[in-house]
Amino acid sequence: MAKFVLIGSGLAGGLLAAYLGRRGYDVDLYERRSDPREGNIIGGRSINLALSTRGIHALEQVGIANEVLQHAIPMRGRMIHDKSGDLHFAPYDVDPKKCINSIGRAALNTTVIEAAQRYSNVRVHFNHRCTNVDLTEAVAYLETKTGQAGKDQLIPAHGDAVIGVDGAFSAVRQSMQKKLENFEYDESYLPHGYKELTIPSGPGGSWQMEKNALHIWPRKSFMMIALPNPDGSFTCTLFWEFEGPRSFATTKTDDEVRRFFREEFPDAVPLMPTLLKDFKDNPTGSLVTIRCAPWHYQDKVALVGDAAHAVVPFYGQGMNAAFEDCVVLDECLAQFPNNRERAFAEYFVRRKENADALADLAIENFIEMRDKTASRAFRAKKKLDHLLEALLPGIYLPLYTMVTFTRIPYAEAARRAQRQDRIVYGTLIAVVIFIVSLLVHFAAKPG
């Protein structure tokens, strides 16, 4: 069997190693950080993730979905917090059993790594940072510390193929960018950054807000969200402009931070005793969308997950899409067991359009979450979506349902939602015109 060198033992890296190990491939998985099972935190990255249907399906294929979901908290809808403190709950789906699952990154990362290590043909190496990849020879060069003095040493990792599962700023992809003349690359940033904050648990580890909801404080051009944790706390994330009259750039002192939060999130402030410390100490992250092509070079190198298609987090699909990559790549390798280049090419064809569609959907959903969720018109539209879904089961599916609770390809879901909206709104307009014409007709009749 072929040998794969995987770069990056994050969520998708660990899962892909398990898939390849299950098929009997020889796998060496390298990670630049130390072992997350030793309590190491992945700095600057969100500790909460939203696991939904696509991701659960991927975990089921290697038998770890139930194990993962034991650590998850189901969120059945959005809890909207307006500035007056009023709450509005909007379920995600007409079926109350359909929910997204809040799960901690560390617990999930540990589970997928251990799933990979159940196969004797999979080896995991921490504290190895990829610096370069020889594309034609499928060799990854890794920097690691050796000996008691901890001197840096560069070692080669040889394989039949190298797969970059090393995130948005992938070293494997960078090697492809430098060495392939036809490589297309686009990197775009939102003008917003994000900062993580905390609502601690209440007495006895209780949750101080509704546990089974994703909480949103929509404020037109910015917002804050909160996801529940098993220990009773909530991880909050403020998405706010980097620059501007009211922004991260202009809010520095304790008084400025207090004033901003009291004005915009008055119901949250009493629940955040460490607000000032969190705001000062936690880094301000950026929100990047990355598109590139191709995702492979011959039968020697391929990209998976954020290394191929990083998206902003507002549809909660980044991890789910990366896990779906693992499913599709596994299917393609099974379909073309003796032609890895054909398998890589088929994987790219099946995933590229959908990754691009998700990138667009994620940015659109940011606008929806921060701006539209607070409006009555938006809530009425959601109720209409759920009514039509209940009246036309299997025929009408809201876009959010298709993306989150089915495995319909992202691009197909976007096209279907556009068709549905044209039909629904065209029908509604026709009905309104008909009713108005009737009223005009009867009003014009004598007597």
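You'll find the structure just up there.
Below is a summary of the structure that appears in this document. (Residues numbered from 1 in each chain as written. Predicted model: local features only at pLDDT ≥ 70, side-chain atom pairs only at ≥ 80, totals over all residues. Heavy atoms only, no water.)

1. Observations concerning the environment of F260
- As for its placement among the helices and strands, F260 is situated in helix α6 (residues 254-264).
- Among the residues examined, F260 registers a relative accessible area of 4% and is labelled buried.
- Sequence spacing of F260 and S247 is 13 residues, and the spatial spacing of their C-alpha atoms is 9.7 Å. (Helix = DSSP H or I, 4+ residues; strand = E, 2+ residues; numbered from the N terminus. Buried < 20%, exposed > 50% of the residue type's maximum accessible area, 1.4 Å probe, protein only.)

2. A short note on the sheet that holds strand β10 (residues 139-146)
- Pairing within the open sheet is antiparallel, and its three strands lie in the order β9-β10-β11. Edge positions in the open sheet fall to β9 (129-134) and β11 (151-158), since each of these has one partner strand only. Averaged over all adjacent pairs, the angle separating strand axes in this sheet is 30 degrees, with direction ignored.
- Sheet topology places β10 next to β11; eight bridges connect them, and they run antiparallel. Paired with L142 across the bridge in β11 is I155. (Pairing = 2+ DSSP bridges. Axes fitted to C-alpha atoms, helices over the stretch in contact; angles between N-to-C directions.)

3. Focus on the packing of aromatic side chains
- Using the criterion set out here, one finds 21 aromatic pairs in the structure.
- An angle of 45 degrees between the planes, with centres 6.3 Å apart, marks the rings of Y194 and F239 as tilted. Pair noted here: Y194 is in strand β13 (residues 184-199) and F239 is in strand β16 (residues 234-241), with a separation of 45 residues, a long-range link. Just as Y194 is buried, F239 falls in that class too.
- Pairing W295 with Y347 gives two aromatic rings, centres 5.7 Å apart and planes at 55 degrees, and the pair type is tilted. Taken together, the residues span a long stretch of sequence, with W295 in the loop between β17 (285-293) and β18 (296-297) and Y347 in helix α10 (residues 340-370) at a distance of 52 residues.
- One aromatic cluster is present, built from ring pairs that chain together F222, W240, F242, F248, F260, F261, F265 and F279.
- One residue, R54, lies across the ring of Y410, its end atom 4.1 Å from the ring centre. (Phe/Tyr/Trp six-rings, centres within 6.5 Å; stacked < 30°, edge-to-face > 60°. Lys NZ or Arg CZ within 6 Å of the ring centre and 35° of its normal.)

4. Digging into the packing of helix α2 (residues 53-60) against helix α9 (residues 318-335)
- Two elements in contact, α2 and α9, have axes whose closest approach is 8 Å; the angle formed by their N-to-C orientations is 40 degrees. Looking at the two axes, α2 sits oblique to α9. Between α2 and α9 the crossing geometry is left-handed. Touching R54, G55, H57, A58 and L59 of α2 are N320, F323, E324 and V327, all from α9. (Parallel < 35°, antiparallel > 145°, perpendicular 65-115°, else oblique. Left-handed = near helix turned anticlockwise from the far one by under 90°. Contact = heavy atoms within 4.5 Å.)

5. Some points on the packing of helix α1 (residues 11-22) against helix α4 (residues 105-117)
- Contact geometry for α1 and α4: axes closest at 7 Å, N-to-C directions at 20 degrees. Between α1 and α4, the crossing angle belongs to the class labelled roughly parallel. Crossing handedness for the pair α1 and α4: left-handed. Touching L11, G14, L15, A17 and A18 of α1 are R105, L108, N109, V112, A115 and A116, all from α4.

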